[in-house]
Amino acid sequence: MSSPSEKQLNTHLRRAVSAILSNHAEELWNTPVNRADSNAWFLEGTEPKRKSTQSFIRWASLAAACFAILIFGWFYVYRVTDATIYLDVNPSVTVAVNRFGKVVKAEADNEDGRIILDNMDLRGNDIDVVMNALLGSMVKHGYFSQAQSILLISVNGRNEARTTALRQKISVNAQQTLESLLGSGVVLGQNVDLNDATEEIAEHYGITPGKAALITRILKYQPEWSVQELAAMSMTDLIRYCQASGIDITQYLGEDGEVIGDFITFLDDDDDHDDYDEEDDFDDQDDRDDVDDKDDDDDHDGDDSDDHNGIDDEDKDDADDKDDDDDHDGDDSNDQDDIDDEDMDDENDEDD
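Residues numbered from 1 in each chain as written. Predicted model: local features only at pLDDT ≥ 70, side-chain atom pairs only at ≥ 80, totals over all residues. Heavy atoms only, no water.

Novice: Just checking my understanding: could you explain the overall build of the chain for this structure?
Specialist: Counting its regular elements, the chain contains 13 helices and six strands. Counting only residues that meet the buried cut, the chain has 31% of its 352 residues in that class. At a minimum sequence separation of 6, the contacts of the chain that also span at least 24 residues come to 57%. When the accessible surface of the chain is split by element, carbon and sulfur atoms take 49% of a total near 23,900 Å². (Helix = DSSP H or I, 4+ residues; strand = E, 2+ residues; numbered from the N terminus. Buried < 20%, exposed > 50% of the residue type's maximum accessible area, 1.4 Å probe, protein only. Contact = heavy atoms within 4.5 Å. Areas by Shrake-Rupley, 256 points an atom, 1.4 Å probe, with all protein chains shown as cover.)

What follows is the structure, given as structure tokens:
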């Protein structure tokens, strides 16, 4: 018997498969199939097929999430304000810094502050560099001098410990900068908590909330004083005004307040040059002007003599006029000598 050809084999197989599908297809479709586990004998020596596409998608999603976290962290750390520094001399300037002491923004609170900033772009610089630039600009524009070298630094921050450390650092550096530029300088430092009242005063009078907070504390014990007058004063004039009324302004800086510099010498020099009395002699210049006006009224001869010298000159002129009236003979004898000569002549006539 000859072996079947390939064509015959294919024909028989096709018929067999067709018969199986037609008779047992329904049964095969309804038979449950159990998934084989890795211990099945027919899976020994095989490895599961890796799903490379799904792994790539999973890792790509994880990388995108990490990148988003980094971007958000950068924005939060470098762009969000962690503390706000308020500087008051007469110019008032507000500087916001991030967690690392980099300046986020710098704004002027009044016209003098805009002169100090002078269109400087201070963002991204370290706070120490910015403070040196601002103090140098204040000296350049005449807001600081040896007679007026008081700076108020107020700091408001998210974290109390970081706020205090930041204020202490910039206060020390500011005092050293003023001393190097002017030979002297005093810095008053305080921590402030903002509220609606201080922010309203600051916005209305063109000062920082730091100076507004200090004025609010003073007015609590001096209610008869005017907030408008105090806000308009420079820090040096405000200290002089309080000193003339027997008030130590450093007592109103709060629990964490500090004074850096030779404040006692500043007050002593102020007494020597401004002639404040023990009551309330705030405007010494007005007193000096009154004295000068009085001297001008008393002295009409154009010299610098005082009232006493003027009176002596008038008495001397009166005495000279009296001598001129009494002496008509041209000699230096006085009226009594003339009377004695006449009496002597009369006696001689009687003897003759």
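Novice: I'm lost on the sheet that holds strand E6 (residues 258–260) in this one. Help?
Specialist: Spatially, the six strands line up as an open sheet ordered E3-E2-E1-E4-E5-E6, and their pairing is mixed. Pairing within the sheet leaves two strands with one partner each, and these edge strands are strand E3 (103–108) and E6. Each strand axis lies, on average, 20° off the axis of its neighbour in the sheet, ignoring direction. Of the strand pairs in this sheet, strand E5 (residues 186–191) and E6 are connected by three bridges, and their pairing is antiparallel. (Pairing = 2+ DSSP bridges. Axes fitted to C-alpha atoms, helices over the stretch in contact; angles between N-to-C directions.)

Novice: What exactly am I supposed to notice about the pairing of strand E1 (residues 83–88) here?
Specialist: When a strand is regular, its side chains alternate between the sheet's two faces. Along E1, six of the six residues are buried, which leaves the element largely enclosed by surrounding structure. Here E1 shows two buried faces, one formed by Ala83, Ile85 and Leu87 and the other by Thr84, Tyr86 and Asp88. Two elements, E1 and strand E2 (residues 92–97), share six bridges in a ladder whose sense is antiparallel. Note on E2: the bridge partner recorded for Leu87 is Val93. Between E1 and E2, which pair antiparallel and follow one another directly, the connecting turn spans three residues. Judged from the six bridges that link them, E1 and strand E4 (residues 150–157) form a sheet pairing that is antiparallel. Along E4, the bridge assignment pairs Ala83 with Gly157.

Novice: How should I be thinking about the packing of helix H4 (residues 127–140) against helix H5 (residues 160–182) in this particular structure?
Specialist: As a packed pair, H4 and H5 sit with axes 10 Å apart at the nearest point and diverge in direction by 40°. Between H4 and H5 lies a crossing whose hand is right-handed. Along the contact surface, H4 presents Ile127, Asp128, Met131, Asn132, Leu135, Gly136 and Val139, while H5 presents Leu166, Lys169, Ile170, Asn173, Ala174, Thr177, Leu181 and Leu182. Per-class residue counts for the contact of H4 with H5 are nine nonpolar, four polar and two charged. (Left-handed = near helix turned anticlockwise from the far one by under 90°. Nonpolar A, V, L, I, M, F, W, Y, C, P; charged D, E, K, R; others polar.)

Novice: What is the right way to look at the pairing of E4 in this model?
Specialist: Of all eight residues that make up E4, seven are buried, and the element is covered over most of its length. Taken together, E4, H5 and E5 form a β-α-β motif whose crossover is right-handed. (Right-handed = clockwise from strand over helix to strand, strands pointing away.)

Novice: What should I look at first to understand a negative patch on the surface in this one?
Specialist: On the surface, Glu160, Asp193, Glu255 and Asp256 cluster together into a patch of negative charge. Relative to the helices and strands, Glu160 is located in helix H5. (Patch = residues over 30% accessible without salt bridge, like charges linked within 9 Å, V, L, I, M, F, W, Y side chains within 5 Å. Salt bridge = Lys/Arg side-chain N within 4 Å of Asp/Glu carboxyl O. Lys, Arg positive; Asp, Glu negative; His and termini not counted. Charge placed at Lys NZ, Arg CZ, Asp CG, Glu CD.)

Novice: What is the right way to look at unusual backbone geometry in this model?
Specialist: Only a minority of non-glycine residues have a phi that is not negative, and only a minority of peptide bonds are not trans. Notably, Asp118 is not glycine yet its phi reads approximately 50°, a positive angle. Tracing the chain through its elements places Asp118 in the loop between helix H3 (111–117) and H4. On the basis of relative accessible area, Asp118 is assigned to the partly exposed category, the value being 47%. Its identity is not glycine, yet Asn119 carries a phi of approximately 60°, on the positive side. Using a relative accessible area of 80% as the deciding quantity, one classes Asn119 as exposed.

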